[in-house]
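# Residue-level structure breakdown
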Amino acid sequence: MGFILRWSAAFLLIAATYNPTDWNYTAWVGQTWPQQMPLAVLLGLLLFVGYVIYFRATLRSIGPFGMGLVAAVFGALIWVLVDFGVVRLSNPGVNTWLGILALSLVLGIGLSWSLVRRKLSGQADVDDVDE
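Summary of the structure given here. Just so it is clear, the model here is predicted, and its values are computed rather than measured. (Residues numbered from 1 in each chain as written. Predicted model: local features only at pLDDT ≥ 70, side-chain atom pairs only at ≥ 80, totals over all residues. Heavy atoms only, no water.)

## A few points about a nonpolar patch on the surface
The condition is simple: Two distance rules govern patches: like charges are joined within 9 Å, and nonpolar side chains (Val, Leu, Ile, Met, Phe, Trp, Tyr) within 5 Å, applied only to residues with over 30% relative accessible area and no salt bridge. Throughout, the Shrake-Rupley method with a 1.4 Å probe supplies accessible areas, and for residues the shown protein chains are the sole cover considered. Only one rule defines a salt bridge in this text: a Lys or Arg side-chain nitrogen within 4 Å of an Asp or Glu carboxyl oxygen. Strands are runs of DSSP state E lasting at least 2 residues, helices are runs of H or I lasting at least 4, and numbering of each runs from the N terminus.
Judged by side-chain polarity, Met1, Phe3, Ile4 and Leu5 come together as a nonpolar surface patch covering roughly 440 Å² of accessible area. Positionally, Ile4 belongs in helix H1 (residues 2-17).

Structure below.
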């Protein structure tokens, strides 16, 4: 259940920033920037904080190689689904949602990986402590 919550939060973070509908931060800022500049800056900073938390945890947990590996596995899965005719890539909206799904899975796995490793190995990760 913990992974689902972490992945859902990552999905919402990315989808709130950009998605193929008009209900996203990027489209809203493009339409209301002069009138809503202070609110747009505040919401942008809150989204940025969310990204920093996710990216920092993901980089510390699985690193750039792990992020690439998770993305490659998801890309191969999409390739198989396209090859079997389950998914068609002719719709740009579907492609965007697949990209959002892939990025959110990378971030969700990255945020959850330390917990998975602890359960598999019985060893806890300890952050480096400055003296």
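## A few points about helix H5 (residues 92-121)
This is how the line gets drawn: By this rule, a helix spans an expected 1.5 Å times one less than how many residues it contains. Remark: exposure states derive from per-residue accessible area (1.4 Å probe, protein chains only) relative to the maximum for the residue type, with buried under 20%, exposed over 50%, and partly exposed in between. Residue contacts are defined here by distance: any two heavy atoms, one from each residue, within 4.5 Å place the two residues in contact. We call two N or O atoms a polar contact when they sit within 3.5 Å, provided that within protein one can donate a hydrogen and the other can accept it, with sequence-adjacent residues counted only if both atoms are side-chain atoms.
Taking 1.5 Å as the rise per residue, H5 with 30 residues should run 44 Å; its terminal C-alpha atoms sit 42 Å apart, in good agreement. Buried within H5 we find Gly93, Leu98, Ile100, Ala102, Ser104, Val106, Leu107, Gly108, Gly110 and Ser112. Those residues of H5 that are buried lie in contact with H1, helix H3 (37-61) and helix H4 (63-83). Between the side-chain oxygen of the N-cap and the backbone nitrogen of Gly93 there are 2.9 Å, and the N-cap of H5 in question is Asn91. Looking one or two residues past H5, Gly122 carries a phi angle of roughly 80°, positive in sign.

## A few points about the nonpolar core
Cut-off, in case you're wondering: Nonpolar cores are built from buried Ala, Val, Leu, Ile, Met, Phe, Trp, Tyr and Cys residues. Side-chain atoms within 4.5 Å join them into one set.
In this structure, Ala10, Leu13, Ile14, Ala15, Leu47, Tyr51, Tyr54, Ile100 and Leu107 together form the largest nonpolar core, which totals nine residues. The element best represented in this core is H1, accounting for four residues. Those residues in contact with Leu13 that sit more than four places away from it in its chain are Leu47, Gly50, Tyr51 and Tyr54. Counting five residues, the second-largest nonpolar core is a separate cluster that includes Phe74, Ile78, Leu98 and Ala102.

## Examining the packing of aromatic side chains
Note the cut-off: In this analysis, rings of Phe, Tyr and Trp, with Trp reduced to its six-membered ring, are considered paired at centre separations within 6.5 Å, and the interplanar angle assigns stacked below 30 degrees, edge-to-face beyond 60, and tilted for intermediate values.
Enumeration according to the criterion identifies four aromatic pairs in this entry. Through a chain of ring-to-ring contacts, three or more aromatic side chains come together here, namely Trp7, Phe11 and Trp97.

## Topic: the packing of H3 against H4
Note the cut-off: Between N-to-C directions, angles cover 0 to 180 degrees, with each direction set by a line fitted to C-alpha atoms, over the stretch in contact for helices. Should an angle lie under 35 degrees it is considered roughly parallel, over 145 roughly antiparallel, and from 65 to 115 roughly perpendicular; all remaining angles are considered oblique. Any residue that is not Ala, Val, Leu, Ile, Met, Phe, Trp, Tyr, Cys, Pro, Asp, Glu, Lys or Arg is counted as polar, Gly included; the first ten are nonpolar and the last four charged.
Put simply, H3 and H4 touch, their axes get as near as 6 Å, and they point 100° apart. Considering their axes alone, H3 and H4 lie roughly perpendicular with respect to each other. Across from Phe55, Thr58, Leu59 and Ser61 in H3, the residues of H4 making contact are Gly63, Pro64 and Met67. In the contact of H3 with H4, the residues fall into four nonpolar, three polar and no charged.

## Observations regarding the packing of H4 against H5
As a reminder of what qualifies: The sense of a crossing depends on the near helix, which, turned anticlockwise from the far helix by less than a right angle, makes the crossing left-handed and, turned clockwise, makes it right-handed.
For the pair H4 and H5, interaxial distance at closest approach is 9 Å and the crossing angle is 140°. Note on packing geometry: the crossing formed by H4 with H5 is right-handed. Seen from H4, the contacting residues are Met67, Val70, Ala71, Phe74 and Ile78; seen from H5, they are Leu98, Leu101, Ala102, Leu105, Val106 and Ile109. Its residues assigned to classes, the contact of H4 with H5 comprises eleven nonpolar, no polar and no charged.

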